[in-house]
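Commentary on secondary and tertiary structure
This is what each chain is made of:
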Amino acid sequence: MICAIIGSGAIGSALAHPFARSNIDVLIANSRGPESLAGLIAELGSHVTPTTLPEASKADTVILAVSFTATADAVQGSAQSNGRIVVDATNAIDFPAFIPKDLGGRPSTDIIAEMIPGARVVKAFNTLPAAVLASDPAQDGGRRVLFVSGKDASANADIASLIERLGSAPIPLGKLNQGGLLQPFGASLVADLTVAKRFLRKALKRHARPERILVDGSQTGREAIHSCDTADRPKEKSRRELKPARVRQSGYLNNRIEQDHRTIKKRVRPMLGFKAMASARATLGGIEMIHMLRKQQAKYAHILRPSLAEQSNLLAA
Ligand SMILES: NC(=O)c1ccc[n+]([C@@H]2O[C@H](COP(=O)([O-])OP(=O)(O)OC[C@H]3O[C@@H](n4cnc5c(N)ncnc54)[C@H](OP(=O)(O)O)[C@@H]3O)[C@@H](O)[C@H]2O)c1
């Protein structure tokens, strides 16, 4: 099976790393021609071969690593697709707001499939930031997961097996309009509005009403916050007029949380677990607070007085 990557930017070149590491040959092309890829090839070695766009489009498996809006242009030459597998690693994003494009509820991969008649389109490699995708997927005794979804079960299985060979753990999500709905940029593990509202009400009851809520790119999450906030605000006992909660969306929030979680796991693992809820809460709160200070998220991180240690004591009090 000949594999090719179209696009050599952040994601295209990140994807070339696991191919090189696993000694699997791959072609790579961009809009500027093979000569522009000399630096990448020198870094990755002989398993990664630069090629032209028309040559890359003829591979058995073509991975699209271009922006969603550039896709139509990049796949122009692949009209004769004859059952070829095209892997859609793109995310449909509106810039500069960095929010999911409004596609009227259609999965973006459906739109890409229409651009390449005859191709068996699979969605994969779109959920991790480039640097994470390029790094070794074997972590802490496990393997990093990559999701796979698409209409054609045998194409999904082929890409799942390619992902295995590249060292990651594939998680098949089924068809695009089923489990695959969880995979696009901005989708959330909580795709159901009723469930999202129930979760939010519980969280707000427990942690009190915040001025600002940071949520992943999910439209469901955003809608749940607006609807709960509008319904619950008038019931607040305080007399002052409450402003609506401000919502900030971050497409890669889940990845960021996972990164923070890594620091917690590193500290907690040698402790062999917790025996009581109270000590777990205090310890995790402490780790999180030190981590916030380290990331300069403390309120006065940029000034010397009070010192970080004093701020830590104040926060802990
Ligand atoms: N960056 C991430 O962390 C990340 C994570 C997950 C998914 N994604 C998705 O992956 C896709 C690529 O993102 P990126 O960050 O890698 O973008 P990028 O750094 O801007 O790279 C885009 C690549 O596409 C190539 N390209 C543009 N138009 C082309 C055309 N008509 N024909 C052939 N190649 C063309 C560019 O070629 P030149 O090099 O010649 O300009 C460039 O190599 C996007 O859809 C993005 O949403 C990105």
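Residues numbered from 1 in each chain as written. Predicted model: local features only at pLDDT ≥ 70, side-chain atom pairs only at ≥ 80, totals over all residues.

**Section: the overall build of the chain**
When helices and strands are tallied, the chain shows 12 helices and 14 strands. Looking at the chain alone, contacts between residues at least 24 apart form 66% of all its contacts between residues at least 6 apart. (Helix = DSSP H or I, 4+ residues; strand = E, 2+ residues; numbered from the N terminus. Contact = placed C-beta atoms within 7 Å.)

**Here's the deal with the packing of helix H8 (residues 193–207) against helix H9 (residues 219–232)**
Here H8 crosses H9 at 55 degrees, and the two axes come no closer than 9 Å. Here H8 lies oblique to H9, going by the angle between them. Both H8 and H9 take part in a crossing whose hand is right-handed. On H9, the residues touching Leu193, Ala196, Lys197, Leu200, Arg201 and Leu204 of H8 are Thr220, Gly221, Glu223, Ala224, Ile225, Ser227 and Cys228. Across the contact of H8 with H9, the residue classes break down as seven nonpolar, three polar and three charged. (Axes fitted to C-alpha atoms, helices over the stretch in contact; angles between N-to-C directions. Parallel < 35°, antiparallel > 145°, perpendicular 65-115°, else oblique. Left-handed = near helix turned anticlockwise from the far one by under 90°. Nonpolar A, V, L, I, M, F, W, Y, C, P; charged D, E, K, R; others polar.)

**Side note on the site of the ligand**
By nearness alone, 25 residues border the ligand, and Gly9, Ile11, Asn30, Thr90 and Asn91 come closest of all. Counting residues per element, the ones that place at least two in the shell around the ligand are helix H1 (10–21) and helix H4 (71–74). Broken down by element, the shell around the ligand gets its largest block of residues, three residues, from H1. Looking at side-chain class alone, the shell around the ligand contains 13 nonpolar, 10 polar and two charged residues. (Near = placed C-beta within 6 Å.)

**As for the nonpolar core**
Counting residues in hydrophobic clusters, the biggest one holds 47 residues, and the most contacted among them are Ala4, Ile6, Ile63, Leu64, Val87 and Ala124. Counting residues per element, this core draws most heavily on H1, at five residues. Not counting residues within four places of it along the chain, the set of residues in contact with Ala4 comprises Val26, Leu27, Ile28, Ala29, Thr51, Ala56, Ala59 and Val62. With six residues, the next largest nonpolar core counts Leu200, Ile213, Ile225 and Cys228 among its residues. (Core = buried A, V, L, I, M, F, W, Y, C linked by C-beta atoms within 7 Å. Buried ≥ 20, exposed ≤ 12 C-beta atoms within 10 Å, placed from the backbone.)

**Observations regarding helix H5 (residues 108–115)**
Those residues of H5 that fall on the buried side of the exposure criterion are Ser108, Thr109, Ile112 and Ala113. The buried residues of H5 occupy an angular sector of 145 degrees when projected down its axis, which confines them to one face. (Arc of directions from axis to C-beta.)

**Considering the packing of helix H10 (residues 253–268) against helix H11 (residues 277–294)**
Think of two packed helices as two axes; the pair is described by the angle between the axes and how far apart they sit. At a closest axis distance of 10 Å, the pairing of H10 and H11 adopts a crossing angle of 125 degrees. Taken as axis vectors, H10 and H11 run oblique relative to one another. Crossing geometry of H10 relative to H11 is assigned as right-handed. Only Leu284, Ile287 and His291 of H11 make contact with H10, whose side of the interface consists of Asp260, Thr263, Ile264 and Arg267. A breakdown of the residues in the contact of H10 with H11 according to their chemical character gives three nonpolar, two polar and two charged.

**Let's talk about the environment of Pro18**
With respect to the element layout, Pro18 can be found in helix H1. Judged by the 23 C-beta atoms lying within 10 Å of it, Pro18 is buried. On a C-alpha basis, the gap between Pro18 and Arg165 in space is 9.1 Å, while along the polypeptide they are 147 residues apart. When neighbours within four sequence positions are excluded, Pro18 is seen to be in contact with Leu166 and Gly167.

**Some points on the sheet that holds strand S8 (residues 120–123)**
Strand order in the open sheet formed by eight strands is S3-S2-S1-S4-S5-S8-S11-S12, with mixed pairing between adjacent strands. Strand pairing shows two members of the sheet lacking a second neighbour, strand S3 (48–50) and strand S12 (169–174), which therefore form its edges. Ignoring which end each strand starts from, the neighbouring axes of this sheet average 25 degrees apart. In the sheet, strand S5 (residues 85–88) pairs with S8 via four bridges, with the strands oriented parallel. What sits directly across from Val87, in S8, is Val122. Across the sheet, H1 lies against strand S1 (3–6), strand S2 (26–29), S3 and strand S4 (61–64), angled at about 165 degrees from S2, the strand it touches most. Together, S5, S8, strand S11 (145–150) and S12 form the strand contacts of helix H7 (residues 153–165), whose direction differs from that of S11 by roughly 165 degrees. (Pairing = 2+ DSSP bridges.)

**Thoughts on unusual backbone geometry**
The phi torsion at Phe125 lies on the positive side, around 65 degrees, for a residue other than glycine. For Phe125, the location among the structural elements is in the loop between S8 and helix H6 (130–134). Note on Phe125: 26 C-beta atoms within 10 Å, which makes it buried.

**Description of the environment of Val148**
Tracing the sequence through the fold places Val148 in strand S11. Beyond its immediate chain neighbours, meaning those up to four positions away, Val148 contacts Val122, Ala124, Asn156, Ile159, Ala160, Ile163, Pro170, Ile171, Pro172 and Leu173.

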